[in-house]
Each structure stands twice: as C-alpha cells, then as structure tokens.
Amino acid sequence: MVSFTHDGDGTPESHWRTWEQDREPGGDLQVEALFDGRLPERFILLAAHPDDETLGAGGLLARLARNGVRCDVVVLTDGEGSHPSSPTHTPRQLAERRRQEVAHAVQFLAPAAQLTFEGFPDGALAEDAVAAVLLRELGPGEATRTLVAAPWRRDGHSDHDTAGRAAAEVCGERDIVLLEYPIWFWHWGNAENQAADLDGLSLLRLDTDDHARKESALATHLSQTLPLSDAPGDEVLLTPGVLEHFSRNVEAFFVTGGSSTFERLHRDRADPWEVADRFYEQRKRALTVASLPRRRFRRTLEIGCSVGALTKELADVSDLLLALDTSETAVRRTNEALLQHDAANARLATVPADWPTNDAPFDLVVLSETGYFLSSDQLDDVIRLTRASLDDDGVLLLCHWRHPIKGWELDGDAVHERVRRTSGLAALALHTEEDFLLEVFVPAPAVSVARRENLL
C-alpha cells in the first residue's frame, strides 16, 4: 500500500504537464473505437466517494451524457470519514452534505443520469459488496455496449483500490470494457518511478464545454475544496496543489477488458458470414473483382477484411495490398490466408482514427460490407480520407448488403448515396440487385474500359 497524506508535499502539476508534453504521440482514448466505432449504449460510473466521479471522469460523463448515452452514477460511500476530527460536523452531517454536493455536481455533468447512493462505510469498502452492486447494475445477460468506469485498483487509497479490483473482476468475467481512473496517484506518483504504469494510460481530450462542466461540478464539492471552518480538524481536504491536477483539459484512464462485436464474432466462429462456402458470397466476390476497371493495381487498400476471402483475390491483382480490420482474430486469419502473397498483409486498425496515411497513395480502395458499420460522421471522414489518398487514376469500389442492418445508423443504400453526394468522384460502374449494390467510382471524368482501350 502506498503511504501518503492528502496535505503532504505531493508531485507538482508542472511535473505532469512536462510528462504529457514529452509523451510519445498517440495513446489518446477514442471511446468509439472500443465499441466498433459507436458510442456505448450505457455508461456506469463507480465512485468510491462523492467527488471521485468529478475528479476522475467528470469530463467523460459530461461528453457521453451530451451524446445521449444512458448514464448511471453509483456512489459507494458517503465520504463521512474525510474529516474524522471535525468539531463542527458529525459523520452523519458530513455524509448528508456530501450527498447534496455530488447530486449538484451530477446536475452539471449529466442532468438525466441516475444517481445511486450505496452508503457503505467510508474507509471500509468490501470487494464482494462492490462486486454485488456492479452485478446488480449490469443485470443478467450480455452487456455488449456497456462501459464501466471505476477508481484505479492501485490508486493508493484503500476504498479506491477495492472498488477498482471489484470492477476489474466483474468486468473481466462479463467481457465488459473497464476504464480505471487514477486520482491520488497524481499526488504520490512521478513519471520516473511509475513509468511502466504510465505507459498503459490513455488520455481523453476534453472539449471546452465538457471541461467547463467539470470545473462547475468540482466547485460544488465545497466540503472538500474549502475548509469546513477555521477550527482545527476542519482543514481543506483537496489542497490547491491536489486540485491543480484536475484542472487539465484531459482525463486519464487505464483501459482493460471487453471485446468488440467483430472480435467476438471472429473469435466464436471460424467464418462468421460463411464467405468461403456460400454461393451468394462466391458470386458477389466474382462480380466485385470483375467490376474492377483494370487488370492490375499498384497499391490496394481494403477496409474491413474479415477472414480474408476477398483479400486474397484482391492480392492477386495488386502489386502491394494493405487490409484493415478492427478484430485481432480477423487480422490473424487474413494474414494466414495471405501467406502466399509476400506483398500483402493485414493490420489491426479502426477507421477513420487509424487511417493509413503513411501508406498512401492508393490506386484502389475497397469498402465492401463495412460502410454501414460507421456513423455518418465517420463515413464522411472515410470518404474525405479516401479521396485524399487516391492517385489521380485511383479507383474506389463499394459493395454493400441492401437489407436492414439492425443496431447501426446506416444501411447499404445510405452508404452509397452519401459517397455519390460527397466524394466528388464520378460513377464508372453500377450493379444493382435486391440484395446488394456494387459501385465503382473514379476521379472525373469517368472513362469507360472500352474507351481506355481505344475501342471507341
């Protein structure tokens, strides 16, 4: 257990600002990337004490609530032990005051959030009790798009550590994404001694509105940010030096657990869509390759490769090929399928966040059965990035299922319509069936294969 006092000399915030500036690029937290490009449906925020929710994850709570995510804030203790020698407040009075403070804070951060008080004894959290609370909140069955946040299990405060361990155990068993937020770590830790821990931190950048909401919420916790009175025993708990750690425009989380929808699909089934055996899939691949306007391409990008069935056929007509997928299992299987193609490989990536700018330009980009797994904004970004990554003679090929896509914002027709409207590319070929759309786009003017070969 780490030994520290709240009012002792701690690590100055300037130390952490320098660490952040010197940090290797990347490592920012993209919440959507944890859920196949979507926001979670539900966010459960565990706080060991009133104010933990604001200090550790107030900006995240504000952002998710603002975007319509169902948010639940569970406060495990009332924090009645923060001033054990107070001559002006009994533990009961302090508990009541701190409940009011956290209620006001949540009104700033997420007005529609469900706020629950468990009333466990401050300083004596039990791991099994916290686990039971989280299991109750999760309910039976799968919670595939639920995000849980809890104090870091090695934060140095016994209640924080207990809550973090319990959340890690439950989320690990249920395959749920867990974000652990450090609080007291910023006071007792330093970049040199905790370098290994810091390598695992992801930073969430807060926009102006979410940062302002967090500051307003923190200002409601007056029992912690100001002295209760001038009497001995009523001293401020969160000193200015401690509070400075939470004035940043970033929040930090250790991300563990959880598998994406596509990782679960590929992990549980060798061929989730039976692309190897179904005639429908075989025929669609044949039409896809036959629709390409050239025999060969210099550099091909495939977005969403699954088990690599189409990837192999694209590799046959490409000098170089890069395939991307959000599933580690899919990437592994695609690379196994490409063993005979030295100039082709698959890579773990989520677009548009991990767009392979350094591998561009491409003269063929293939978006097959993946566009509707993006939000409208993400698809717009992918269209823009594709356009910027295409050679002057580049080709964009789209192919998508036309029937309903349950649980996603877009369907196949909407994806193609958006590309037609916003890409600035010209349509070269269109194949329409009841089941799927296949389109080929090129920079204007579109020149047919016959004209390119001087048949006209």
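Preceding this paragraph is the structure being described.
Here we summarise the structure given alongside this text. All chains use their own residue numbering, which begins from 1 and follows the written sequence. The model is predicted, so local features are restricted to residues of pLDDT at least 70 and side-chain atom pairs to those at 80 or more, both for listing and for counting; the totals for chains, interfaces and linings are taken over all residues. Hydrogens are left out, water is left out, and the side-chain values use all remaining heavy atoms of the structure.

**A closer look at unusual backbone geometry**
The phi torsion of most residues other than glycine is negative, and most of the peptide bonds are trans. Going from Val351 to Pro352, the amide bond is cis rather than trans, its omega being 10 degrees. Numbering of helices and strands runs from the N terminus; a helix is a DSSP stretch of H or I covering at least four residues, while a strand is a stretch of E covering at least two. By the secondary structure assignment, Pro352 is in the loop between β10 (344–348) and β11 (362–368). At Asp51, a residue that is not glycine, the phi angle is positive and equals roughly 105 degrees. Relative to the helices and strands, Asp51 resides in the loop between β1 (42–47) and α2 (52–66).

**A closer look at the pairing of β11**
Using a 1.4 Å probe on the protein chains alone, a residue whose accessible area is under 20% of its type maximum counts as buried, one over 50% counts as exposed, and one in between counts as partly exposed. Extensive coverage of β11 is indicated by the burial of seven of its seven residues. Strand pairing requires that DSSP identify at least two bridges connecting the strands. As paired strands, strand β8 (residues 297–303) and β11 are joined by four bridges and run parallel to one another. Counted as the bridge partner of Leu301 is Val365 from β11. Where β11 meets strand β12 (residues 390–401), six bridges bridge the pair, whose relative direction is parallel. Its bridge partner being in β12, Phe362 is matched across the sheet by Leu390. In terms of handedness, the path from β11 via helix α15 (residues 376–389) over to β12 forms a crossover that is right-handed. Seen with the strands pointing away from the viewer, any crossover whose path from the first strand over the helix to the second strand runs clockwise is right-handed.

**Comments concerning α2**
In this scheme, a helix's expected span is set at 1.5 Å multiplied by one less than its residue total. An ideal rise of 1.5 Å per residue puts 21 Å on 15 residues; α2 measures up with 20 Å between its terminal C-alpha atoms. Two axes enter the bend calculation: one fitted to the seven residues ending at the residue in question, the other to the seven starting there, and the bend is the angle between them. Remark: the principal bend of α2, roughly 80 degrees, maps to Gly58. Of all 15 residues that make up α2, 13 are buried, and the element is covered over most of its length. In the segment just after α2, Gly68 is the residue with positive phi, at about 85 degrees.

**Some remarks on the packing of aromatic side chains**
Only Phe, Tyr and Trp rings take part, Trp by its six-membered ring, and two of them pair if their centres are within 6.5 Å. Stacked means planes under 30 degrees apart, edge-to-face means over 60, and tilted covers everything else. Enumeration over the complete set of coordinates arrives at 15 aromatic pairs. Considering the side-chain rings of Phe4 and Trp184, the 5.4 Å spacing of their centres and the 35 degrees angle between planes classify their relative orientation as tilted. Of this pair, Phe4 sits in the segment before α1 (13–22) while Trp184 is found in the loop between β5 (177–181) and α6 (185–188), placing the two residues 180 residues apart along the sequence. The class for Trp184 is buried, based on a relative accessible area of 9%. Ring centres of Trp16 and Trp186 lie 5.0 Å apart, and the angle between their planes is 85 degrees; this geometry places the pair in the edge-to-face category. Of this pair, Trp16 sits in helix α1 while Trp186 sits in helix α6, and the two are 170 residues apart along the sequence. Trp186 matches Trp16 in its accessibility class, with the two residues each being buried.

**Quick look at the pairing of strand β13 (residues 425–432)**
As paired elements, β13 and strand β14 (residues 436–443) share seven bridges and run antiparallel to each other. Across the sheet, residue Leu430 finds its bridge partner in β14, namely Glu439. The loop that links β13 with its antiparallel partner β14 comprises three residues.

**A word on the sheet that holds strand β4 (residues 146–151)**
Reading across the sheet, the seven strands line up as β3-β2-β1-β4-β5-β7-β6 and stay open at both edges, with mixed pairing between neighbours. Two strands lie at the open edges of the sheet, namely β3 (114–120) and β6 (201–205), each paired on one side alone. Averaged over all neighbouring strand pairs, the angle between strand axes comes to 25 degrees, with direction disregarded. Sheet topology note: the strand β2 (residues 70–77)/β3 ladder contains five bridges and is parallel. Across the sheet, the residue bridging to Asp72 is Gln114, located in β3. The contact criterion used throughout is that any non-hydrogen atoms of two residues lie within 4.5 Å. Note on geometry: axes are lines fitted to C-alpha atoms, helical ones only across the stretch in contact, with angles between N-to-C directions running from 0 to 180 degrees. Strand contacts of helix α3 (residues 91–109): β2 and β3, with the helix running at about 155 degrees to β3, the strand carrying the most contacts. Its contacts with the sheet put helix α4 (residues 127–138) on β1, β2, β3 and β4, and the angle it makes with β1 is roughly 160 degrees.

In short, shape yes, function no, at least from these values alone.
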